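Residues per chain are reported as follows:
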Amino acid sequence: MGKIKSIEFTAFEKRVLKEVLKIPLGKVRTYKWIAKRIGKPKAVRAVANVLRKNPYTLFIPCHRVIRSDGKIGGYSLGKGVKVKLIELEKKIKELIK
DNA sequence: ATCATGACTAATG
DNA sequence: CCATTAGCCATGA
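As the structure is a computational prediction, the values presented were derived from the model and not from experiment. (Residues numbered from 1 in each chain as written. Chains lettered and ligands numbered in written order. Predicted model: local features only at pLDDT ≥ 70, side-chain atom pairs only at ≥ 80, totals over all residues. Heavy atoms only, no water.)

Undergrad: Help me get a handle on the environment of Leu88, residues and values and all.
TA: Structurally, Leu88 can be placed in helix H4 (residues 79-95). With 46 residues separating them in the primary sequence, Leu88 and Lys42 have C-alpha atoms 31 Å apart. (Helix = DSSP H or I, 4+ residues; strand = E, 2+ residues; numbered from the N terminus.)

Structure representation (structure tokens):
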């Protein structure tokens, strides 16, 4: 039967992931921004931890979340990939403009 | 209940 | 620019 492992999400995780899902193509937000949006402005590290475990990198664009100091921040698939994705998205957005 | 962890942040040197 | 530090908080052991 089903071999798909069901994943549990806490209320906090859902709020974070939903917010990340709202970030439009070619745009980036900061961990701080996300934290503030979900009403937990101080839970920045907790937000990062949610993205760190994000099992759906293809569908939940955590690569669009960077640090508030301008640095790239982490990414489960590698920072290099993250940078490329952000650059590529900007180009795509330009192409369909 | 306590404790360590970490894809962070702001301030400081 | 880089390194350090204190503050921060959800989560899992």
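On we go from here.
Undergrad: Pulling in residues and values, what's your account of the pattern of salt bridges?
TA: Under the criterion given, the structure shown has six salt bridges. Between Glu89 and Arg64 there is a salt bridge, with the nearest N and O atoms lying 2.8 Å from each other. Linking Glu89 in helix H4 with Arg64 in the loop between helix H3 (44-53) and strand S2 (65-66), this pair joins segments that are 25 residues apart in sequence. Each member of the pair, Glu89 as well as Arg64, carries the same accessibility label: buried. Residue Glu87 pairs with Lys84 through a salt bridge whose shortest N-O separation is 4.0 Å. Placement of both Glu87 and Lys84 in helix H4 is noted, with a separation of three residues, approximately one turn of the helix. What makes Glu87 partly exposed here is its relative accessible area of 38%. Of the residues examined, Lys84 reaches a relative accessible area of 55% and is grouped as exposed. (Salt bridge = Lys/Arg side-chain N within 4 Å of Asp/Glu carboxyl O. Buried < 20%, exposed > 50% of the residue type's maximum accessible area, 1.4 Å probe, protein only.)

Undergrad: An account of the protein's contact with DNA strand B is needed here, citing residue identities and associated values.
TA: Around DNA strand B, 14 residues are found, and the nearest of them are Lys32, Asn49, Leu51, Arg52 and Ser68. Lys32 places a side-chain nitrogen or oxygen 2.2 Å from a phosphate oxygen of DNA strand B. The separation between a phosphate oxygen of DNA strand B and a polar main-chain atom of Ser68 is 2.8 Å. Sorting the residues of the surface near DNA strand B by element identifies helix H2 (31-37) and H3 as the ones contributing at least two each. For the surface near DNA strand B, the element with the most residues is H3, which contributes seven residues. In the surface near DNA strand B, the residues fall into six nonpolar, four polar and four charged. (Near = heavy atom within 4 Å. Polar contact = N/O pair within 3.5 Å; in protein donor to acceptor, adjacent residues only side chain to side chain. Nonpolar A, V, L, I, M, F, W, Y, C, P; charged D, E, K, R; others polar.)

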